[in-house]
Amino acid sequence: MHEVEPASVSSELLAHLREDIGRAGGWLPFDRYMAAVLYTPGLGYYANGSVKFGAMPSSGSDFVTAPEMTPLFGRALAAQLRQALDETGTDALWEFGAGSGALAESLLQALGDRVQRYTIVDLSGSLRARQQARLAAFGDRVQWVAELPAQMQGVVVGNEVLDAMPVQLLHFDGQRWWERGVTLDADGALSFADRDTALRPPVEAAFVSGTTVEIHPQAEAFVRTLAQRLQRGAVFLIDYGFPEDEFYLPQRIGGTLMCHRLHRADTDPLADPGLKDITAHVNFTGVALAGQDAGLEVLGYTSQGRFLLNCGLAQLLGDAQAAGDLRALSAGQKLVAEHEMGELFKVIGFAKGAPFDAIGFSAGDRSHRL
């Protein structure tokens, strides 16, 4: 794979963005900017050859996700997916945004022949090449597609997928709402600019002057499309976020937009385009309503910690302790600890066809809070 120097990536992408802004009349809505920065072929963050996933910044990585942290995440999740496969009478798994391939590897190992076909939907050519190398041992049971077919069956999983979908930004000046976009200043540098809009947050609240919030039309459209094309099966989406009333708390004046590079976080999405991830927390109420409106049944909603414990993670941690595997024990505990990933990350489940009592939500279901 041809690796491009970071400075070259950023300068080429900046030139591309300047052209986009010019074609758009001098102002690019933030969601279009975010899409370009993350997904422009060969230059966007998820489309260039840079290292993304890894436990330490010394590897050149920018962040670590649960599947890279420990295979115990996939092994626990596999218990829920096995039940869903059985309940829906299907034998296919679909994964969106498979990253390094770590989750696919864990799930295929844990589920064995119960999964006859594992389809990865990923827009990134560079990540696909890494996934193919990692999953070569599983042969033609694993396949890749760039888009969903018109109809599909099976169980869908997406870990940290919704947070990478472009969001629109709204800014409140104390009197009215504006849509925030990207323009060029007198020196040709990227800059924020606001324009009049009819868009509003989905809740009425005592927002204060200077508030910036995100709305998530692309994530909700993704869930609706998935619902329309899934003929029979289930969906499990894992990400960081909140229900609507927590997402739009008036005191959250800066919104949730965040950038990640070399395991450090910052709040400036205009700096170093293409060299860092840009994410926003998920409004799980919006996701749930989009799914319901399109024909999905909500199976449950809870914290990642509770979900994984419901799926048997405590037993897996006990086995690691008994084996003296302190590294696995430490990593596994981070998955459920409230001050680590256990509370910030949430899981929502859907069914298409007959709903069932999903084991991941058997205790601590928070659907009533959506």
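Below: a short report on this structure. (Residues numbered from 1 in each chain as written. Predicted model: local features only at pLDDT ≥ 70, side-chain atom pairs only at ≥ 80, totals over all residues. Heavy atoms only, no water.)

In terms of regular secondary structure, the chain is built from 12 helices and 16 strands. Rg of the C-alpha trace for the chain: 21 Å, near the compact-globule value of 21 Å for 370 residues, within the 12% margin. Along the longest, intermediate and shortest principal axes, the C-alpha atoms of the chain span 60 × 50 × 45 Å. Per-residue burial over the chain gives 54% buried out of 370 residues. Contacts spanning at least 24 positions in sequence make up 75% of the contacts within the chain whose residues lie at least 6 apart. If you sum the accessible surface of the chain, you get close to 15,600 Å²; carbon and sulfur atoms cover 50% of it. For the chain, the distance from the average site of its 30 positive side-chain charges to the average site of its 45 negative ones is 2 Å. (Helix = DSSP H or I, 4+ residues; strand = E, 2+ residues; numbered from the N terminus. Rg over C-alpha atoms; globule rule 2.2 N^0.38 Å. Buried < 20%, exposed > 50% of the residue type's maximum accessible area, 1.4 Å probe, protein only. Contact = heavy atoms within 4.5 Å. Areas by Shrake-Rupley, 256 points an atom, 1.4 Å probe, with all protein chains shown as cover. Lys, Arg positive; Asp, Glu negative; His and termini not counted. Charge placed at Lys NZ, Arg CZ, Asp CG, Glu CD.)

Phi angles above zero are rare outside glycine, and Glu-160 is one such case at about 55°. Its location among the elements puts Glu-160 in the loop between strand E5 (152–159) and strand E6 (168–172). Positive phi outside glycine occurs at Asp-272, with the angle close to 50°. Positionally, Asp-272 belongs in the loop between strand E12 (264–266) and strand E13 (277–279).

Pairing is antiparallel across the open sheet formed by 3 strands, whose spatial order is E12-E11-E13. Either end of the sheet is taken by a strand with one partner, and the two such strands are E12 and E13. Averaged over all pairs of adjacent strands, the angle between strand axes in this sheet comes to 30°, irrespective of strand direction. Relative to E13, strand E11 (residues 258–261) runs antiparallel, the two being bridged by 3 bridges. By the bridge assignment for E13, Cys-259 is matched with Ile-278. (Pairing = 2+ DSSP bridges. Axes fitted to C-alpha atoms, helices over the stretch in contact; angles between N-to-C directions.)

Among the nonpolar cores identified, the biggest contains 47 residues, and Leu-77, Leu-93, Leu-107, Tyr-118 and Phe-236 are the most heavily contacted of them. At 8 residues, the largest contribution of residues to this core is made by helix H4 (residues 72–88). With sequence-adjacent residues up to four places away left out, Leu-93 is seen in contact with Leu-81, Leu-85, Leu-107, Leu-111, Val-115, Arg-117, Tyr-118, Thr-119 and Val-155. The next biggest cluster of nonpolar side chains, apart from the first, holds 28 residues, and it includes Trp-94, Phe-96, Leu-162 and Ile-348. (Core = buried A, V, L, I, M, F, W, Y, C linked by side-chain atoms within 4.5 Å.)

This part takes up helix H12 (residues 326–336). Helical geometry: 3.6 residues make up each α-helical turn, so side chains three or four residues apart lie on a common side. All of the buried residues in H12 are Ala-328, Leu-329, Ala-331, Gly-332 and Leu-335. Looking at the buried positions of H12, the neighbouring elements they touch are helix H3 (66–69), H4, helix H10 (304–310) and helix H11 (313–322).

Turning to the packing of helix H7 (residues 217–229) against helix H9 (residues 284–293), a few remarks are in order. Viewed as axis vectors pointing N to C, H7 and H9 meet at an angle of 30°, and their least axial separation amounts to 8 Å. Classified by the angle between their axes, H7 and H9 sit roughly parallel to one another. Like other packed secondary-structure pairs, H7 and H9 cross with a definite hand, here right-handed. Along its contact with H7, which presents Glu-220, Val-223, Arg-224 and Ala-227, the element H9 presents Gly-286, Val-287, Ala-290 and Gly-291. Here the contact of H7 with H9 is built from residues that sort into 4 nonpolar, 2 polar and 2 charged. (Parallel < 35°, antiparallel > 145°, perpendicular 65-115°, else oblique. Left-handed = near helix turned anticlockwise from the far one by under 90°. Nonpolar A, V, L, I, M, F, W, Y, C, P; charged D, E, K, R; others polar.)

The next subject is the packing of aromatic side chains. Evaluated as defined, the whole model comprises 12 aromatic pairs. Between Phe-172 and Trp-177, the aromatic rings sit 4.9 Å apart at their centres with planes inclined by 35°, giving tilted as the arrangement. The same class applies to Phe-172 and to Trp-177, which are both buried. Put simply, the rings of Phe-30, Tyr-33 and Phe-192 pair up and form one aromatic cluster. Just above the ring of Trp-178 sits the side chain of Arg-176; from NZ or CZ to the centre is 4.3 Å. The cationic tip of Arg-252 hangs over the ring face of Phe-242; the distance from NZ or CZ to the ring centre is 4.3 Å. (Phe/Tyr/Trp six-rings, centres within 6.5 Å; stacked < 30°, edge-to-face > 60°. Lys NZ or Arg CZ within 6 Å of the ring centre and 35° of its normal.)

The packing of two helices is summarised by the inter-axis angle and the distance between the axes. Where H11 meets H12, the axes come as close as 9 Å, and the angle between the chain directions of the two elements is 160°. With respect to H12, the element H11 is oriented roughly antiparallel. In terms of crossing hand, the pair formed by H11 and H12 is left-handed. Contact residues: Leu-313, Leu-317, Ala-320 and Gln-321 in H11; Ala-328, Leu-329, Gly-332, Gln-333, Leu-335 and Val-336 in H12.

Here we come to the pattern of salt bridges. As enumerated under the stated definition, the model contains 10 salt bridges in all. Of the charged contacts in the structure, one is a salt bridge between Asp-20 and Arg-23, with a shortest N-O distance of 2.5 Å. Taken together, the residues Asp-20 and Arg-23, both in helix H1 (residues 6–23) and 3 residues apart, mark about one turn of the helix. When its relative accessible area of 15% is taken as the criterion, Asp-20 is described as buried. Its relative accessible area of 60% is what places Arg-23 among the exposed residues. Of the charged contacts, one joins Glu-105 and Arg-134 as a salt bridge, the two residues approaching to 3.0 Å between their closest N and O atoms. With a gap of 29 residues between them, Glu-105 in helix H5 (residues 102–111) and Arg-134 in helix H6 (residues 125–134) connect regions that are remote in the sequence. Relative accessible area serves as the criterion here: at 36%, Arg-134 is assigned to the partly exposed category. What emerges from the salt-bridge pattern is a single network uniting Glu-19, Asp-20 and Arg-23. (Salt bridge = Lys/Arg side-chain N within 4 Å of Asp/Glu carboxyl O.)

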